[in-house]
Amino acid sequence: MNKGTKRADIKQGASVAIVLKQDQASGYLTDGIVRDILTKSPTHPHGIKVRLMSGEVGRVKEIY
């Protein structure tokens, strides 16, 4: 299972699980489809930041 730290692994329309800012302490994951990739750098240790189709923004923890 891919952990979402490399930007090249994430594509628009991909099914992912993200952690929202308010859920970082609990680690609760939100599933959704990637609309926009917000992180510009090729990698990020905490996960690439994306916006889901629902409008929620968070860091990718898993790619399905």
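Here, every reference points to the structure presented above.
Residues numbered from 1 in each chain as written. Predicted model: local features only at pLDDT ≥ 70, side-chain atom pairs only at ≥ 80, totals over all residues. Heavy atoms only, no water.

Peer 1: Please provide a residue-by-residue account of the pattern of salt bridges, values included.
Peer 2: Inspection of every chain in the model, using the stated rule, returns three salt bridges. Here Lys-6 ties to Asp-9 by a salt bridge, and the two come within 3.8 Å at their closest N and O atoms. Its relative accessible area of 44% is what places Lys-6 among the partly exposed residues. One connected set of salt bridges, linked through shared partners, spans Arg-35, Asp-36 and Arg-51. (Salt bridge = Lys/Arg side-chain N within 4 Å of Asp/Glu carboxyl O. Buried < 20%, exposed > 50% of the residue type's maximum accessible area, 1.4 Å probe, protein only.)

Peer 1: Describe in detail the environment of Ser-54, supporting the description with residues and values.
Peer 2: Along the polypeptide, Ser-54 turns up in the loop between strand E3 (49-52) and strand E4 (57-63). It is 9.1 Å that separates the C-alpha atoms of Ser-54 and Val-34, two residues lying 20 residues apart in sequence. Among the polar contacts listed, one links the side chain of Ser-54 to the side chain of Glu-56, at a separation of 2.9 Å. (Helix = DSSP H or I, 4+ residues; strand = E, 2+ residues; numbered from the N terminus. Polar contact = N/O pair within 3.5 Å; in protein donor to acceptor, adjacent residues only side chain to side chain.)

Peer 1: Can you explain the sheet that holds E4? Please cite residues and give values.
Peer 2: Taken in spatial order, the four strands of this closed barrel run E1-E2-E3-E4, and their pairing is antiparallel. Shown here is a sheet whose adjacent strand axes are inclined to one another by a mean of 70°, direction ignored. By the bridge criterion, three bridges tie E3 to E4 in an arrangement that is antiparallel. Among the inter-strand pairings, Val-50 is bridged to a residue of E4, identified as Gly-58. (Pairing = 2+ DSSP bridges. Axes fitted to C-alpha atoms, helices over the stretch in contact; angles between N-to-C directions.)

Peer 1: Pulling in residues and values, what's your account of the nonpolar core?
Peer 2: Residues Ile-10, Ala-14, Val-16, Ile-18, Leu-20, Val-34, Ile-37, Ile-48, Val-50, Leu-52, Val-60 and Ile-63 constitute the largest nonpolar core, which totals 12 residues. Every element with two or more residues in this core is listed here: strand E1 (15-20), strand E2 (29-37), E3 and E4. Residues within four places of Ile-37 in sequence aside, it is in contact with Arg-7, Ile-10, Lys-11, Ile-48, Lys-49 and Val-50. (Core = buried A, V, L, I, M, F, W, Y, C linked by side-chain atoms within 4.5 Å. Contact = heavy atoms within 4.5 Å.)

Peer 1: A description of the side chain of Asp-23 should follow, citing residues and the corresponding values.
Peer 2: For Asp-23, the position within the fold is in the loop between E1 and E2. There is no salt bridge for the buried Asp-23, and the closest opposite charge comes from Lys-61, which lies 12 Å off by N-O distance. Once residues within four sequence positions are removed from consideration, Asp-23 is found in contact with Tyr-28 and Thr-30. (Lys, Arg positive; Asp, Glu negative; His and termini not counted.)

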